[in-house]
Amino acid sequence: MKKVGIVMGSDSDLPILRKTMDTLGSLDIPYECHVYSAHRTPEEARDFAASAREKGFGVIIAAAGMAAHLAGAIAANTTLPVIGIPCKSTCLDGIDALLSTVMMPSGIPVATVAINGGVNAALLSAQILAVEDPALAAKLDQKRRADAAKVLEKDAALQAELNV
Ligand code: RP5
């Protein structure tokens with residue numbers, strides 16, 4: 001199976017990416033994680049993106065906060081699918097990172113998930129890899145069914161408590 005590359009702009013983004021790694025791990029998807037910044041280490045970020053396909057990656061997840069150019073900078077240097085996670089920092093509630101990540105010019109797409117959307121970034125990368133992997137697609141189907149069952153359990157508990 002292809003690996004998922006995870007790049008974060010700072011180790012201060014790690015709590016969000018832990019959810020990404022946990023979700024990928026629960027689906028037995030291999031990943032490799034790095035701290036590279038579009039601004040502080042632009043050469044390392046570029047080199048990672050440019051060599052990712054030949055190194056066996058199938059998708060790259062890039063997470064950054066503030067003026068979040070990392071996902072776009074990664075996408076500029078690869079034609080692998082790039083998923084951007086805008087991270088909420090101390091100012092502006094993450095709207096700064098959301099707009100910086102999502103508003104890419106035509107030609108260089110970044111699939112942007114919600115602010116702090118670490119779980120959905122993992123699931124979207126899994127869905128991309130599952131296009132050519134029936135076993136992984138089956139795991140995703142099973143997860144959807146399990147998640148739905150949890151909601152229905154909660155509904156049943158509320159019914160019992162509230163509807164007398
Ligand atoms: C961004 O700046 C990082 O992705 C992080 O979200 C934010 C703050 O970084 P630190 O100052 O905590 O290293 O580049």
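Residues numbered from 1 in each chain as written. Predicted model: local features only at pLDDT ≥ 70, side-chain atom pairs only at ≥ 80, totals over all residues. Heavy atoms only, no water.

S.K.: Just to check I follow, could you spell out the domain arrangement of the protein for this structure?
M.R.: Interfaces are frequently sized by the accessible area removed from exposure as the parts join. Each assigned domain of the protein is listed here: domain 1 (3–132) and domain 2 (134–164). For domain 1 and domain 2, the distance between their C-alpha centres works out to 29 Å. With nine residues of domain 1 at the interface, the matching set in domain 2 holds seven residues. Summed over both sides, the interface between domain 1 and domain 2 buries roughly 670 Å², with carbon and sulfur atoms accounting for 73% of that surface. Per-residue buried area on domain 1 facing domain 2 is highest for L27, Q127 and A130; these three make up 56% of the total on that side. For the pair domain 1 and domain 2, the number of links is one salt bridge. For K139, the salt bridge is made with D28, and the minimal N-O distance between the two is 3.0 Å. Tallied by class, residues from the side of domain 1 that touches domain 2 come to six nonpolar, one polar and two charged. (Domains from an automatic or database assignment. Contact = heavy atoms within 4.5 Å. Buried area = accessible area lost by both parts, 1.4 Å probe. Salt bridge = Lys/Arg side-chain N within 4 Å of Asp/Glu carboxyl O. Nonpolar A, V, L, I, M, F, W, Y, C, P; charged D, E, K, R; others polar.)

S.K.: How should I be thinking about the site of the ligand in this particular structure?
M.R.: Lining the immediate surroundings of the ligand are G9, S10, S12, D13, R40, A64, G65 and M66. One nitrogen or oxygen atom from the side chain of S12 is found 2.7 Å from an oxygen atom belonging to the ligand. The separation between an oxygen atom of the ligand and a polar side-chain atom of D13 is 2.6 Å. Considering the ligand on its own, with 360 Å² of exposed area, one finds that the protein chains cover 73% of that surface. Of the residues in the shell around the ligand, the class split is two nonpolar, four polar and two charged. (Near = heavy atom within 4 Å. Polar contact = N/O pair within 3.5 Å; in protein donor to acceptor, adjacent residues only side chain to side chain. Areas by Shrake-Rupley, 256 points an atom, 1.4 Å probe, with all protein chains shown as cover.)

S.K.: Would you mind showing me how to read the pairing of strand β4 (residues 82–87) here?
M.R.: As a general feature of sheets, a regular strand has side chains that alternate between the two faces. Among the six residues of β4, six are classified as buried, and the element is accordingly described as predominantly covered. As defined by bridge partners, strand β3 (residues 57–65) adjoins β4 across six bridges and the pair is classed as parallel. Within β4, the residue paired with G65 across the bridge is C87. Relative to strand β5 (residues 111–112), β4 runs parallel, the two sharing two bridges. Residue pairing in the sheet places I83 in a bridge with A111 of β5. A crossover connection joins β4 to the parallel β5 through helix α4 (residues 95–102); in handedness this β-α-β unit is right-handed. (Buried < 20%, exposed > 50% of the residue type's maximum accessible area, 1.4 Å probe, protein only. Helix = DSSP H or I, 4+ residues; strand = E, 2+ residues; numbered from the N terminus. Pairing = 2+ DSSP bridges. Right-handed = clockwise from strand over helix to strand, strands pointing away.)

S.K.: What's the story with the pattern of salt bridges in this structure? I'm lost.
M.R.: Between side chains of opposite charge, pairing is possible as soon as their charged atoms come close. Evaluation of the coordinates by the stated rule reveals six salt bridges. For R46, the salt bridge identified is with D47, shortest N-O distance 3.1 Å. According to the relative accessible area criterion, D47 is partly exposed, its value standing at 41%.

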